[in-house]
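Residue-level listing of the chains:
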Protein chains: 2
Amino acid sequence: MQDNARPHVAGVCQQFLQEKGIDAMDWPACSPDLNPIEHIMSRSIHQCHVAPQTVQELADALVQVWEEIPQETIRHLIRRENNDKFFTHPRNPKALAAYLFAHNHLFYMMELLTGVLLMVLSLCEAPAVPSLRLDVYVHATLELLALVMVAFELCMKLRWLGFHTFIRHKRTMVKTCVLLLQFVEAIVVLIRQTSHLRVTRALRPIFLVDCRYCGAVRRNLRQIFQSLPPFIDILLLLLFFMVIFAILGETHTPFWMFFKYFNTLENSIVSLFVLVTTANFPDVMMPAYSRNRWSCVFFIVYLSIELYFIMNLLLAVVFDTFNGVEKMKFKSLLLHKRSAIDHAFQLLVSRQRPMGVSLKQFDGLMRFYRPRMSSRDRFLTYKALNTAGAPMLSLDDFYKFYEVIGLKWKVSLTHCINLLVKSKAFQYTMYVVVAVNGVWILVETYMLNSGFSWSRMVPWSYIVFLTIYGVEVLLKITGLGPLAYFSSGWNLFDFSVTVFAFLGLITLAFDMEPFYFIVVLRPLQLLRLFKIKQRYRNVLDTMFELFPRMASLGLTLIIFYYSFAIVGMEFFADVVYPNCCNTSTVADSYRQINVTIGNRTVLDEGYYYLNNFNNILSSFVTLFELTVVNNWYITMEGVTSMTTHWSRLYFMTFYIVTMVVMTIIVAFILDAFVFRMNYSRKNKEPLLDPEGKSNGIVFEAEVSRDEALATLELYKKTCPGLSSLNSLQGVLLAMDRSGSSSLVYLGRRSRTKSDLSMKMYEEEIQEWYAEYSRENLPQSDRSLVERELDIPPPCPERES
Amino acid sequence: MQDNARPHVAGVCQQFLQEKGIDAMDWPACSPDLNPIEHIMSRSIHQCHVAPQTVQELADALVQVWEEIPQETIRHLIRRENNDKFFTHPRNPKALAAYLFAHNHLFYMMELLTGVLLMVLSLCEAPAVPSLRLDVYVHATLELLALVMVAFELCMKLRWLGFHTFIRHKRTMVKTCVLLLQFVEAIVVLIRQTSHLRVTRALRPIFLVDCRYCGAVRRNLRQIFQSLPPFIDILLLLLFFMVIFAILGETHTPFWMFFKYFNTLENSIVSLFVLVTTANFPDVMMPAYSRNRWSCVFFIVYLSIELYFIMNLLLAVVFDTFNGVEKMKFKSLLLHKRSAIDHAFQLLVSRQRPMGVSLKQFDGLMRFYRPRMSSRDRFLTYKALNTAGAPMLSLDDFYKFYEVIGLKWKVSLTHCINLLVKSKAFQYTMYVVVAVNGVWILVETYMLNSGFSWSRMVPWSYIVFLTIYGVEVLLKITGLGPLAYFSSGWNLFDFSVTVFAFLGLITLAFDMEPFYFIVVLRPLQLLRLFKIKQRYRNVLDTMFELFPRMASLGLTLIIFYYSFAIVGMEFFADVVYPNCCNTSTVADSYRQINVTIGNRTVLDEGYYYLNNFNNILSSFVTLFELTVVNNWYITMEGVTSMTTHWSRLYFMTFYIVTMVVMTIIVAFILDAFVFRMNYSRKNKEPLLDPEGKSNGIVFEAEVSRDEALATLELYKKTCPGLSSLNSLQGVLLAMDRSGSSSLVYLGRRSRTKSDLSMKMYEEEIQEWYAEYSRENLPQSDRSLVERELDIPPPCPERES
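Rules of the game
- Residues numbered from 1 in each chain as written.
- Chains lettered and ligands numbered in written order.
- Predicted model: local features only at pLDDT ≥ 70, side-chain atom pairs only at ≥ 80, totals over all residues.
- Heavy atoms only, no water.
- Helix = DSSP H or I, 4+ residues; strand = E, 2+ residues; numbered from the N terminus.
- 1 Å grid on protein atoms, 1.4 Å probe; cavity = no way out; pocket = protein on both sides within 12 Å on 5 of 7 lines; lining within 4 Å.
- Points joined across faces, edges and corners; volume = space filled by probe spheres on them.
- Buried < 20%, exposed > 50% of the residue type's maximum accessible area, 1.4 Å probe, protein only.
- Pairing = 2+ DSSP bridges.
- Patch = residues over 30% accessible without salt bridge, like charges linked within 9 Å, V, L, I, M, F, W, Y side chains within 5 Å.
- Areas by Shrake-Rupley, 256 points an atom, 1.4 Å probe, with all protein chains shown as cover.
- Salt bridge = Lys/Arg side-chain N within 4 Å of Asp/Glu carboxyl O.
- Lys, Arg positive; Asp, Glu negative; His and termini not counted.
- Charge placed at Lys NZ, Arg CZ, Asp CG, Glu CD.
- Axes fitted to C-alpha atoms, helices over the stretch in contact; angles between N-to-C directions.
- Contact = heavy atoms within 4.5 Å.
- UniProt positions renumbered as here; feature names shortened; annotations may be inferred.
- Expected span 1.5 Å × (residues − 1).
- Left-handed = near helix turned anticlockwise from the far one by under 90°.
- Nonpolar A, V, L, I, M, F, W, Y, C, P; charged D, E, K, R; others polar.

1. Some details on unusual backbone geometry
No. 1: Across the junction of A126(A) and P127(A), the peptide omega takes the value -5°, indicating a cis bond.
No. 2: Of note, P127(A) is situated in the loop between α7 (105-120) and α8 (136-161).
No. 3: Phi angles above zero are rare outside glycine, and N631(B) is one such case at about 60°.
No. 4: For N631(B), the position within the fold is in the loop between α27 (616-628) and α28 (632-642).

Pasting the structure below:
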């Protein structure tokens, strides 16, 4: 529930009640502080004497508008829960109080911290990281505290949802069950003063995932589960061939396959499973190959089928599912926006003037929708929408609402620094500087390598280049203005690299243990080199753009890691140590003794005992190694030899789970880049200009003196005495100062994936719109007032 | 140049000359044996007394038609060379003779065999495979022989192309240079009676690639080269990060990075290069990790950037290029077909009846275009095109030409076995049988595993199931007819598995060393299980469909392997052996001695000395192991320690080359499957029915008795006495026999990728057509005769 949505709803209420002929005197127009839902629920019924049914309709309509118009709410709408969102809406004042209490950033923050605290506890619980070990009563008490907070959150939710809805909400029910279980266990631990086998700790991430700020992680998890059915199908195909080859390898070819890798069916399957990951490749073949050279055919055929065909198939299946989900998501978002705009338009036009929205009405909407927007910006936004210059906004104009709503306006500048900074000559000069710098660093490194010592001396070249970069940054900030400058990822990157280098130089100058710091940052300067080529700019820009999504995928992976780490710690803590596993085939990798080879004695150090599950940090590193796959079977065999052979199940399951997640990451990167390349090809424009010129969406609006004066008058009439009028007076002042009768303003915002998708699916969008209006046709025939009360068309059903 | 195109050209010539008012008495209509180009070149000029310019035009038009109408030729046309194809056409009788000599299957076969012989020679040249070693004078003589044959082929080409064109044809020039070089070297070898360092043998595949039948390989190579520029860009990015991290790892963090992997910049870069392939992963980290646990951050960050980001980027770039090329190829093919049809239509309609093609004309075309087609099929093809039932074929009807041309016609059957075989009950019964059989085999294998011995006894279950499958095959062949039955990949698979199993049973019954044979084939029966699920049917069917392309990609890979194997053999033959490489870090893997561990003595056998370049077969296995990547650095380091460190360049280059080829294979599989899945989703029809019901394209044509009689009369008039009329009389006989006055015929052909693409790009195709007709608009206004002489629009320019 957005704060800035509230006043808007109040405005709509007022308008609605006016049109219904109900006395709306009590409704505040310009004060955005009252809670409209409360108004409807209490005041409307008791004071305005309207029928409860009308109020119910009104509440429905308001909930719709409230949910629809703010863009953030829209984003929530497109999720699966949108259906229960309506039905989970508070229906009585008591519920409303709980709802409002549970929907603000403080509460969200508490949720998040509780989730993080519970997860972080595993650092201190036995087996703990040595330096962070806490006594049992300390960490158990902390855990109980956190669990009580979760219980409190759940109680609030219960109040707000009502018991009936609560038990029908699956995620919440799972959370409740896990909570109860953890409660019991925490109390048991506190009583016994020692930890028992607590595999259920692996379920802790559920508290984190459920919190408000982890929406992206939930989305990822959903996407992973959506990709599962086809993935499992292909996985079965993989396992099927594995079994066929295992049977072939084990039973039927005894004359050359009598080696350790294929002596039983189980070993045979395990060897072939590891072979799919290539981790044991030439080794598994070597004994057979040394006896019979043709035995390599078996392995070549197996790898060709499994590794080069079916594994790619897995990627294809996930890629395909992923693509489909993305497109559907975009479609859903788009149609919701359209439906929201349709409704807002219908609500805004009055019966007297059914053809459009006047500046006055629009300004009223904006004052509610974006209370902090200045009067100048509201006016400019109207101008940007009103491309035809007509006295009213038509519905078609209004469809661009979401495109212009986020624009930041400023006067178009054309002074000389601006021109200099935007000139080709300046850009190419900087490219040359960067290239020279790059070569210089390489040469210097080479010299360094060949004995030249520089220890604490700052090379003069470093200062020279840093000065040039500093001047560039200053020029650009002056020329483009800070807003335009910092809206480009490239400029941000330039700025931070330069600032860090400068800080490094200062620390060096004042001799504060600076060596390592500056040295780590120096090669980063080389990244500037990538501005030189268009493709690299695309790649790195996509990287900037992908970052939020990648971070959420990384978080998802970490959640899987966490669960597996807990299970691993519970079962495999302290099972491997130097010189363990002597009975296994991988004993060498765990050995740490003096070995006599010929007549020399050397320390034969196999480091694999370090890949253990002794605490959560070690577990994470071990799991990362398992993710990278190479030599993962050494860890598996080591642990297996010290426990039972059922341990292999853990490692194989982990391999499959990470394979799914990694495949989705690959599919995601693939999708993003193919999309971007297609886009640049289709539109034949460079997707971004590193100098921030055409980077983002730019709208233009020209304001003449007369217009500005008229608007100022209008505003003064509507809502006199508001300080926001100052900005509009500022426009007039600026005109006076420059002596011109009109000013050109540029509205700028960064390009989002949605903008790209709009261009990409251009044709399909027209189809979707056509389909959408066809579905909603019967309603458009009704009268306006009827439509106002209509519950808007439900979210278009997903194609499953 | 297709043989069956020739008579068609003759027909077109005749018609053309007739319309030009030139005496065409000499032109043979029904005898397809004369060579039309010869006619034009000699007879037309000397006997028909037409102006040379007209003949030139005619020749151009003919070359066009000749090239365009046969589908096989179309496929050639879409290649890049299509431009020089026209300009390499023979221009005089002498050239023509050479041209005709060099364009037939005998000559192609000779080309192929020469190429293969040259490549196979490396089995016998030192270092040879021991059992195939030949004396120097034998293999050098064989080589000279093969080279002389290549020289002969080139001479023919020179005669036919003319000197000027010959030296402008790049591929031919390269071939000539390589040939000269090889000649000189072969003679030197023969004189010295010993092989010198002959790295140039790595160029031998060029003789194979250049031959006619290896068109697919050439196409693959071209595609690989097209993907190279973006690939190299991203590769540079990869190397760039590698160097940055190498500098970080080597110079700047000496306090924990003082281990063998990072002691010099070269080692540092090599370690990080190997790390990208993950082949040395936990090992390279372990020494540092055992000193400082936080050192893992360096490796995690490096792998996250390089392995999980940039490597995926490589895949994305290749995938994208590949996709673009495929689409452009399809577009080009489609527009060429359309242009060919446009031209054929213009050539067929006469000035008297400009609105369409009559049955008589169509039959004449078909008699030239497909001389072996029966009169019945020609008639049925006409009926299939003429959906409107109008007396003439319009241009729109004619556009379907390529869709109906490959149909195989038969009478629609509806007898009881057919109904049985097509019934759902029958299908599901067979699925149940297959499932039971699958479970049975698993149970049996398990029993076998737990000690039950069956050696030579055939289990009764095997016979029972085989009988059921045999009956199924017989029923289906009877029910569907052999043609429909064998047109489905699934049926073919069923059939071959059953036949092989049956053969196995016979060998077993007659006790002819049957054990191994039957045993290898038994698990294959399990593949039938995959019919049960739709997705598997899709997957395996795609596999059938992909097979030709995969084979050509495999051949391309083998050609790369060959070149690398030759280079490897020249430089690294016999450099690794047991207990070599003691100075390297991988000495263990090459060790083969008794080692004392504690107080036990064991044979420590590192098998890696088997991964050598001692002969071409060993080299291929070694290269396959390098392709799989795991532990490849052991081979690299072993060879490097015995030669110079420049050897690493060979291994790294090989890694990069196979990465490109493998990435293209991945991209190809990905593309094919995503395409297929999109297709099934878009059209919501199962892509194939394993029972061959809707598998493929089916056209229907109903023939009434009157029609058949009228057509027979027409045919008798046009070309009397041809034996092909029998088939049409057969239709009448069949009607008499069945007693009905009409028969329904079904035309069937298997679905090709082109059919799928047609559906897939439906919307884009309309755009392309629109664009195409816009470009060709000016020409359509001219008179028909003028158009006949027009050179058709050039191949639409590729978007680069």
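2. So, empty space enclosed by the protein
No. 1: Of the voids in this model, the largest cavity is the one considered here, and its volume is about 1400 Å³.
No. 2: What lines the largest cavity is a set of 41 residues, and nearest its centre among them are L307(A), M311(A), N312(A), L307(B) and N312(B).
No. 3: Contributions of two or more residues to the lining of the largest cavity are made by α15 (296-348), α27 (616-628) and α29 (647-683) of chain A together with α15 (296-348), α27 and α29 (647-683) of chain B.

3. What to know about the pairing of strand β4 (residues 697-704) of chain B
The side chains of a regular strand alternate between the sheet's two faces.
Residue and element names in this part refer to chain B.
No. 1: Burial of the side chains of β4 is restricted to one face: I697, F699, A701 and V703 are buried, whereas none of V698, E700, E702 and S704 on the reverse face is.
No. 2: In this structure, β4 lies alongside strand β5 (residues 742-749), joined through 8 bridges in antiparallel fashion. Bridging from a neighbouring strand, A701 pairs with Y745 of β5.

4. A look at a nonpolar patch on the surface
Residue and element names in this part refer to chain A.
No. 1: Together, V432, V436, W440, W460, V464 and I468 give the surface a local cluster of nonpolar side chains, amounting to about 560 Å² of exposed area.
No. 2: Of all elements in the fold, only α21 (424-449) and α22 (460-486) reach the threshold of two or more residues within the nonpolar patch.
No. 3: If you trace the backbone, W460 turns up in helix α22.
No. 4: Take W460: its relative accessible area is 59%, and that puts it in the exposed class.

5. So, a negative patch on the surface
No. 1: A surface patch of negative charge is lined by E762(A), E763(A), E767(A), E762(B), E763(B) and E767(B).
No. 2: Going through the elements one at a time, α33 (762-775) of chain A together with α33 (762-775) of chain B are the ones with two or more residues in the negative patch.
No. 3: Within the fold, E763(A) resides in helix α33.
No. 4: On the basis of relative accessible area, E763(A) is assigned to the partly exposed category, the value being 41%.

6. With respect to the sheet that holds β4(B)
Residue and element names in this part refer to chain B.
No. 1: The strand order β1-β5-β4 describes an open sheet built from 3 strands, whose pairing is antiparallel. Across the chains shown, the open sheet's two edge strands, defined by having one partner strand only, are β1 (408-411) and β4. Within the sheet, the average angular offset between the axes of one strand and its neighbour, ignoring direction, is 30°.
No. 2: On top of the sheet, helix α17 (residues 375-385) reaches β1, β4 and β5; it is set at about 105° to β4, its chief contact.

7. Quick word on the UniProt feature "transmembrane region" (unreviewed entry) in chain A
Residue and element names in this part refer to chain A.
No. 1: UniProt annotation of "transmembrane region" (unreviewed entry) refers to residues 106-124, 228-249, 296-319, 428-448, 460-485, 497-521, 542-564 and 649-674 when read in the numbering used here.
No. 2: The distance from the first to the last C-alpha atom of residues 106-124 is 27 Å, and the span holds 79% helix and 0% strand.
No. 3: Helix makes up 100% of residues 649-674 and strand 0%, whereas the separation of the span's terminal C-alpha atoms amounts to 36 Å.

8. Examining the pattern of salt bridges
Residues and elements named next belong to chain A.
No. 1: Applying the stated criterion across every chain yields a total of 30 salt bridges over all chains.
No. 2: With a shortest N-O distance of 2.4 Å, D588 and R591 are connected by a salt bridge.
No. 3: The exposure class assigned to D588 is partly exposed, which follows from its relative accessible area of 45%.
No. 4: A single network of salt bridges, built from pairs that share partners, joins E125, E143, E185, R198, R201, R204 and E570.

9. Topic: helix α10 (residues 170-192) of chain B
Since the α-helix packs 3.6 residues into each turn, any two residues three or four apart lie on the same face.
Residue and element names in this part refer to chain B.
No. 1: Look at α10: 33 Å from first C-alpha to last across 23 residues, which is about the 33 Å you get at 1.5 Å a residue.
No. 2: Considered for burial, the residues of α10 that qualify are T172, K175, T176, V178, L179, Q182, E185, A186 and V189.
No. 3: Elements in contact with the buried residues of α10: α7 (105-120), α8 (136-161), α9 (163-168) and α11 (205-209).
No. 4: One or two steps after α10, the chain reaches Q193, where phi turns positive at roughly 60°.

10. So, the packing of α7(B) against α8(B)
Angle between the axes and distance between the axes: these two values describe a pair of packed helices.
Residues and elements named next belong to chain B.
No. 1: Between α7 and α8, whose axes approach to 10 Å, the crossing angle comes to 145°. Both α7 and α8 take part in a crossing whose hand is left-handed. From α7, F107, M110, E111, T114, L117 and L118 reach across to α8, where they touch L142, E143, A146, L147, M149, V150, F152, E153 and M156.
No. 2: When the residues that make up the contact of α7 with α8 are grouped by side-chain class, the tally is 11 nonpolar, 1 polar and 3 charged.

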